[in-house]
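# Tertiary structure, described
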Amino acid sequence: MDEVVLLNSQLEALEQNLPANVPQPDESNLPSFQLVEKGCTGDCDLVLPSSSQPSPQLLELSELPLGLPPACESIEHDLERHLCHPEELSLYGLRRAQRFLPRTVDTHSLLETSVSPALTTLSNHRSSSKVVEEVSLTAPGSTARTSTSLNRPHGPPGADVRGQPGNCFFWPGGMDGPQASLGGAPEVVGAEEVDFENDLLTVAPGFSAGMDFPTISSKAVSEPRSYASQLADLMSFNLDLNADRESDTSTDAVRPEHPQALITGDEEADRNLQSVLDMPTGAHTGVSAWRRQVAAAASQNDEWAVVVDPTDTVPDFHQRIPQMAHEYPFELDTFQKQAIVRLEEKQCVFVAAHTSAGKTVVAEYAIAMALKHMTKAIYTSPIKALSNQKFRDFKKTFGDVGLLTGDIQLNKEGACLIMTTEILRSMLYNGSDIVRDVEWVIFDEVHYINDAERGVVWEEVLIMLPDHANVILLSATIPNTKEFAGWVGRTKRKKVHVISTSKRPVPLEHYIYTGNSSKTSKERFLVVGPTGKFDEIGYKKAVEAKKGKTSAQADKFGPKGARNFASASQDMNIYKSLVDSLEKSEQLPVVCFTFSKKRCDENSKNLRTMDLTGSQEKSRIHTFFKQSVDKLKPADRILPQVKRMRDLLSRGIAVHHSGILPILKEVVEMLFQEGLVKLLFATETFAMGVNMPARTVVFDATQKHDGTNKRDLLPSEYIQMAGRAGRRGKDTTGTVIILAKQDVPYKDSLMKMMLGRATVLQSRFRLTYTMILNLMRTADFRVEDMMKRSFGEFAHQNKVPAQRVAEQHLRQQLETAPKLECSVCTVDLPDFYSDWSETGSLERELRAVVVSCPLAVKALSVGRVIVVETTPGQHCLGLVLDNAIVKGTRCLMALVLTNSSTAEQAYVKASESGIAGGFGVELAQDANAPTAEDAIGPQRIHVPPGAASKFSIMKVEPQCVVTITEQLLHPVRSDLILNDHANRQIPRFAAYPPCSQATTAAQQLMRLIEAYPFGPPALDPVSDFHIRGLEHREKFDRVNQMRSRLTNYCCISCPLLQQHYTVVQHSARIEEQLHQLQFMLSDESLELLPEYKQRVEVLQHLRYIDEDQSIKLKGKVAREMHNQEVLVTELLFNNKLTQLEPCEIVALLSCIVFQQKRCSEPKLTPVLKQGMKDILEVARGIAVIEGQCGLDVVPDECGNNLHFGLVEVVYEWARGMPFADITQMTDVDEGTIVRCIQRLDEACKDVRNAARLYGDPAFYVKMEKASEIIKRDIVFAASLYTQ
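Remember, predicted model here, so these are calculated numbers, not experimental data. (Residues numbered from 1 in each chain as written. Predicted model: local features only at pLDDT ≥ 70, side-chain atom pairs only at ≥ 80, totals over all residues. Heavy atoms only, no water.)

### Brief notes about the overall build of the protein
- For the protein, the count of helices and strands is 45 helices and 28 strands.
- Burial statistics for the protein: of 1283 residues in total, 46% are counted as buried.
- The contacts of the protein with a sequence gap of at least 6 include a subset with a gap of at least 24, amounting to 74%.
- On the protein, roughly 66,700 Å² of surface is accessible, and the fraction owed to carbon and sulfur atoms is 52%. (Helix = DSSP H or I, 4+ residues; strand = E, 2+ residues; numbered from the N terminus. Buried < 20%, exposed > 50% of the residue type's maximum accessible area, 1.4 Å probe, protein only. Contact = heavy atoms within 4.5 Å. Areas by Shrake-Rupley, 256 points an atom, 1.4 Å probe, with all protein chains shown as cover.)

### Concerning the side chain of Asp 636
- With respect to the element layout, Asp 636 can be found in helix α20 (residues 634-637).
- Here Asp 636 is buried and forms no salt bridge, its nearest opposite-charge partner Lys 633 lying at an N-O distance of 6.7 Å.
- Contacts of Asp 636, omitting those with residues within four sequence positions, involve Val 642, Phe 1219, Asp 1273 and Ile 1274. (Lys, Arg positive; Asp, Glu negative; His and termini not counted. Salt bridge = Lys/Arg side-chain N within 4 Å of Asp/Glu carboxyl O.)

### Section: the pattern of salt bridges
- Scanning all chains against the criterion turns up 47 salt bridges.
- Close ionic contact of Asp 630 with Lys 626 constitutes a salt bridge, the shortest N to O distance being 3.0 Å.
- Taking the relative accessible area as the measure of exposure, Asp 630 reaches 33% and is therefore partly exposed.
- Sharing partners across several salt bridges, the network here consists of Asp 571, Arg 599, Asp 700 and Lys 741.

### Here we look at the sheet that holds strand β17 (residues 590-593)
- Taken in spatial order, the 7 strands line up as β16-β15-β23-β20-β17-β19-β18 in an open sheet, and their pairing is mixed. Each end of this open sheet is capped by a strand with a single partner; those strands are β16 (524-528) and β18 (653-656). Neighbouring strand axes in the sheet, compared pairwise and without regard to direction, differ in orientation by 25° on average.
- Helix-sheet contacts for helix α15 (residues 536-547) involve β15 (508-513) and β16, and the interaxial angle to β16 is about 145°.
- Sheet contacts for helix α18 (residues 597-606): β18 and β19 (679-682); angle to β19, the most-contacted strand, approximately 155°. (Pairing = 2+ DSSP bridges. Axes fitted to C-alpha atoms, helices over the stretch in contact; angles between N-to-C directions.)

### Focus on the pairing of β18
- Covered by surrounding structure in β18 are Ile 653 and Val 655 together with Ala 654 and His 656, the residues of both alternating faces.
- For β18 and β19, the ladder comprises 4 bridges, and the chain directions are parallel. Across the sheet, Ala 654 pairs through a bridge with Leu 680, a residue of β19.
- Traced from β18 through helix α22 (residues 662-673) to β19, the parallel crossover comes out right-handed. (Right-handed = clockwise from strand over helix to strand, strands pointing away.)

### Focus: the nonpolar core
- Membership of the largest hydrophobic core comes to 207 residues, with the highest contact counts inside it found for Phe 443, Phe 484, Leu 649, Leu 679, Phe 699, Leu 1132 and Phe 1219.
- Residue contributions to this core peak at 11 residues, all from helix α44 (residues 1230-1254).
- If near-sequence neighbours (up to four positions away) are discounted, Leu 1132 is found in contact with Val 1117, Met 1121, Leu 1137, Thr 1138, Val 1247, Ala 1250, Tyr 1254 and Phe 1259.
- In this structure, Val 314, Met 369, Ala 377 and Ile 499 belong to the second largest nonpolar core, which totals 39 residues. (Core = buried A, V, L, I, M, F, W, Y, C linked by side-chain atoms within 4.5 Å.)

### Brief notes about the packing of aromatic side chains
- Using the criterion set out here, one finds 22 aromatic pairs in the structure.
- Ring plane angle 85° and centroid distance 6.0 Å describe the contact between Trp 171 and Phe 781, whose orientation is recorded as edge-to-face. Placement of Trp 171 in the loop between β5 (132-136) and α3 (218-222) and of Phe 781 in the loop between α25 (769-775) and α26 (783-788) is noted, with a sequence separation of 610 residues between them. The same class applies to Trp 171 and to Phe 781, which are both buried.
- Geometrically, the ring pair formed by Phe 534 and Tyr 539 is tilted, given 6.1 Å between the ring centres and 50° between the ring planes.
- An aromatic cluster is present here, built from Phe 350, Phe 484, Trp 487, Phe 791 and Phe 794 joined pairwise through their rings.
- Above the face of the Phe 1133 ring, Lys 1114 is positioned so that its terminal group lies 5.7 Å from the ring centre.
- Geometry around Phe 1276 places Lys 1271 over its ring, the cationic atom sitting 6.0 Å from the centre. (Phe/Tyr/Trp six-rings, centres within 6.5 Å; stacked < 30°, edge-to-face > 60°. Lys NZ or Arg CZ within 6 Å of the ring centre and 35° of its normal.)

### A look at the confidence of the model for the protein
- Chain-level statistics for the protein give a pLDDT mean of 79 and a share of 78% at 70 or above.
- Note on residues 216-288: pLDDT under 50 across the span, and 63 contacts to partners over four residues away in sequence or across chains. (pLDDT = per-residue confidence, 0-100.)

### Brief notes about unusual backbone geometry
- Residues Leu 588 and Pro 589 are joined by a peptide bond in cis, for which omega reads 5°.
- Checked against the element boundaries, Pro 589 lands in the loop between α17 (568-584) and β17.
- Here the residue pair His 970 and Pro 971 is connected by a cis peptide bond, since its omega of -15° sits within 30 degrees of zero.
- Phi at Met 374 takes a positive value of approximately 60°, unusual for a residue other than glycine.
- Residue class for Met 374 comes out exposed when judged on its relative accessible area of 70%.
- Backbone geometry places Asn 1135, a non-glycine residue, at a positive phi of 55°.
- Structurally, Asn 1135 can be placed in the loop between α39 (1125-1133) and α40 (1142-1149).

### Quick word on the packing of α39 against helix α41 (residues 1166-1188)
- Direction vectors running N to C along α39 and α41 enclose 120°, while the axes themselves pass 10 Å from each other. On the basis of the axis angle, α39 is oblique to α41. The crossing of α39 and α41 is right-handed. Contact residues: Val 1126, Leu 1127, Glu 1130 and Leu 1131 in α39; Asp 1174, Ile 1175, Val 1178, Ala 1179 and Ile 1182 in α41. (Parallel < 35°, antiparallel > 145°, perpendicular 65-115°, else oblique. Left-handed = near helix turned anticlockwise from the far one by under 90°.)

### Looking at the sheet that holds strand β24 (residues 864-871)
- If you walk across this open sheet you meet the 5 strands as β27-β26-β25-β24-β28, and the pairing is antiparallel. Of all the strands in the sheet, the pair left with one neighbour each is β27 (952-956) and β28 (961-968). Between one strand axis and the next, the sheet turns through 40° on average, direction left out of account.
- Across 6 bridges, β24 lies against strand β25 (residues 874-886) in antiparallel orientation. Looking across to β25, one finds that Val 867 is bridged to Leu 877.
- With respect to the sheet, helix α29 (residues 825-852) is in contact with β24, β25 and β28, its orientation differing from that of β28 by roughly 45°.
- Packing against the sheet, helix α33 (residues 974-983) makes contact with β25, β26 (889-896) and β27, and its axis sits at approximately 95° to β25.

### Description of helix α45 (residues 1257-1270)
- When the terminal C-alpha atoms of α45 are compared, their 21 Å separation across 14 residues agrees well with the 20 Å that a helix rising 1.5 Å per residue should span.
- Buried within α45 are the following residues: Phe 1259, Met 1263, Ala 1266, Ser 1267 and Ile 1270. Looking straight down α45, one finds that the buried residues subtend no more than 95° of arc, so they occupy a single side. In α45, those exposed residues whose orientation departs by more than 90 degrees from the buried face are Pro 1257, Ala 1258, Val 1261 and Glu 1268. (Expected span 1.5 Å × (residues − 1). Arc of directions from axis to C-beta.)

Dropping the structure here:
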């Protein structure tokens, strides 16, 4: 048996159990004992032999026949060996052992303190007599990590442009908060003013209830009384303590019998409201006074947007600006002068003008002002290509211009920085120090805010801009310029001057081309001339000309605008005839907008025999093309697309779409600007950006596929592309031609497209995880604040001033409302009113259910008598005239016996929302409200004065149909009654009397009222209409129970029940509207607040933030990502990418940047297949969590936003395969591949920075290598605009 070691703890226990006075025995007399091993852990027990038995030779015993297995040593044995035998430890394994570092005592260090930060700084004043002035700092000792102040210290030099993810953003302009505005008055350090009357919290943070502190009127505080007046009041004080008691007893405890008498309380409330709001008293008193105040508060919002008169020619322009910041060699247009005048006044402007109208002049002048003032101007564009083009143009004009893109930083210290809007958003969130010096931010093509995916970026940037940065908005013509400018002005608290012009520098002529050969090449028919009027004659001629070319069968059915496709040979003949005609009439160059990349390429191939250039033009094209392509590697110069483009350009033809290589698109653009490209086939992206006008614009079709379905072009889309026709200074008119390949488009479609209203700017604001995490850096600016300031909430927030005035008025009304002083009604009348109100709400809800059921719809036929609630509590008899479905909504028209059609129809229409009228309750208007007698008994049918002469034809909502009676009147000529009603809506027929059929029907209804004062017998919803749903049956039962319970209240025995009920009802209605107003003024009314709470729950579940919404490590990593932030972060923290090679990582990451849905299936290696499976698994796990938190996400569809079509291509590219070879592996266009790899480089940099953040140097090196191996050759060729 192996050696058994007795632990020291067991020996110590034995020694403790021995008596202290026991003498030490002789070793020869020691009793015999045995060790019994227990189990396999090495534990042993001591066994002494019995005294009655002899002591045989003792052997070691064990519970196992063969003893303890040698492979299983006890934990206690290992522990004792390590703790009790340090000499056995290895000399080279002490790296993790606990060590003691001696500390040197230094008592003098207790007397040393760190230097406190400076409380003041020196500030330059250019416009003051003082050159330098000492100002106080608002946040001394603050850093970029802790402060949003503009006066905080600068960051490291390497992070001054893009900022750092850990920095706080600068405080957004237009908000009250801890900001330090440039050029503002210096604030005293520590002198924070606190209003102890209004700024004190009534509820402590974390508590649900608090304390209300008594308020002191501002008048008493602001106007201290003199000592003499106080002494006079003291001398005149009445010490008769019974005076108040007598005055109380003289007051009548019972309210007046007529509710009209209680209006005095509301008049007093209005007088109080006038004193609070400093409203003039006089002719407008009572309710009209506070309504005027509400209107005045609402009108204040329009002051942020100042619409400039387009007819103001600014005759004193040169007197107002004697020395311009930038001189122009031509006379400025009126709108340009108006904008420049506002820029000199440091005002924000919104310029809306047609394409090629000269909006860039305004941007150039702002840049010149920044150069003059030694500040900076930022020019943002929606696409990277436009940024490159503007960089070349502005660099020629100003010189000191920089460019910031995802992979390029050129002259980052320049006075004008050109970038995309996403780059500017990143700079704002990361607290870039460049933002301090920005004077102007120019948003070009701001109508791009309508983009569903990227429109939110514009809203974020406009909200996050600091206060010192002025805004210039440039856009195409849009109908709601004032609304958008009002939102920007209200958000930034700056006036925005709206400058619009509908004048085109070159008028347009719109034609329909029906020719298809050289014989019919002159078949161009004018449909819209320069005056903007549709030519009916020209359209009819086009239809007749097209009909003559169709077959006999097509001739029978006429034009069909939906068909506008043709075969390849037909397309070739059409374009040949058209281009030949345009060339003869000197109307080249021409841009043919085709809404398909494939059709652009096919059309260019079909014209392989057409040549539009001369020998000198061919030489210039060849020279420029060779100089541009020679910058590429030899293998890239012989790419199929390069060869094809060289051949097309040599003949004056080119193609421009997203599938073309970027360098080739730039060659096409530059040659087009030089007039060397005569025929250009392009998609609609060519219409956005730099001024590249043509003589003629051709539309290959008038319909496009928007990703969901095929639809007609929107007016704004058509205007944007058609605006490329007409070169300013060269052409008197621009020509726009629509090809009628098969059929002439419908006239209505053409008129809507050509002359229709442009698309309004709409909010595309949505919540993203990156936005939430970025805004959680500081507690001063919340996500709710961002949502409040979004363009989508502008309409609601625009009503806030008026709602605050209405809230104040309601509070005044509530304070001065009559109080209930009846001993009988005080007990349960409020509960009685509550139950009666709930009963009415349930009944209105059930009315809609009853009217919509099939049997009730069948019963509501013409001639059916119904009971209609025209105003609250007023039931009138009505006759159904029509019950049809109009635009998917059931429309019930009825003849109703009523007093006034206007007010009651307004109530009937507003009943669906539950509120009839605006805020503010007048007790005199409650005379027709539901009475207490209605709750405890049947309600009489209202009889209008004037008998049958008082009736109205109105549309009745389902909620207003009280009952459907058994009575059915015959015959009823409803068609004649409705036609007569429609005719009397015309002003000249308004005085005509109603038709005899309507009068007869009204008389029949009056006879029914005489026979049935409480209404004719009604059809039962359950038995007659068979409404048997459990939920509805429960509601019917509840209504019956509450009706019976209402008869058991004590208050119904009061003789003045109705008067007291009116008092309670009046106060309750004020409270209801006050609660609704408070809800609308709170954050709970935000439309996106539920989604925000759900996304926060997702972040907490994934441990991106904690319960206090403090950002954890995963949240900091997610902030580094600009695309699919949660998915990439989960992949990193789940080690799904760590073990892969750089080429495999970059290949798998392509799924988050590649956007094309349909392409050839890639052939993947086993590692890539497993990586693809892991990504989809992680994405599905995220989707499951989002669904559990309430977001509208389907886990099975989580992979729809991930496209793996280029995984194989990127993998081989990262391994070094030439570009010509990888293009043969997929059917994706070359330009799309290049754009995907370029965006992939930005994603690699994000992941690399994340690896540095969470501390994985090995993975950081991998991502650095991944970014390097894809940056080569034609994919990352330098832009021609930057050279």
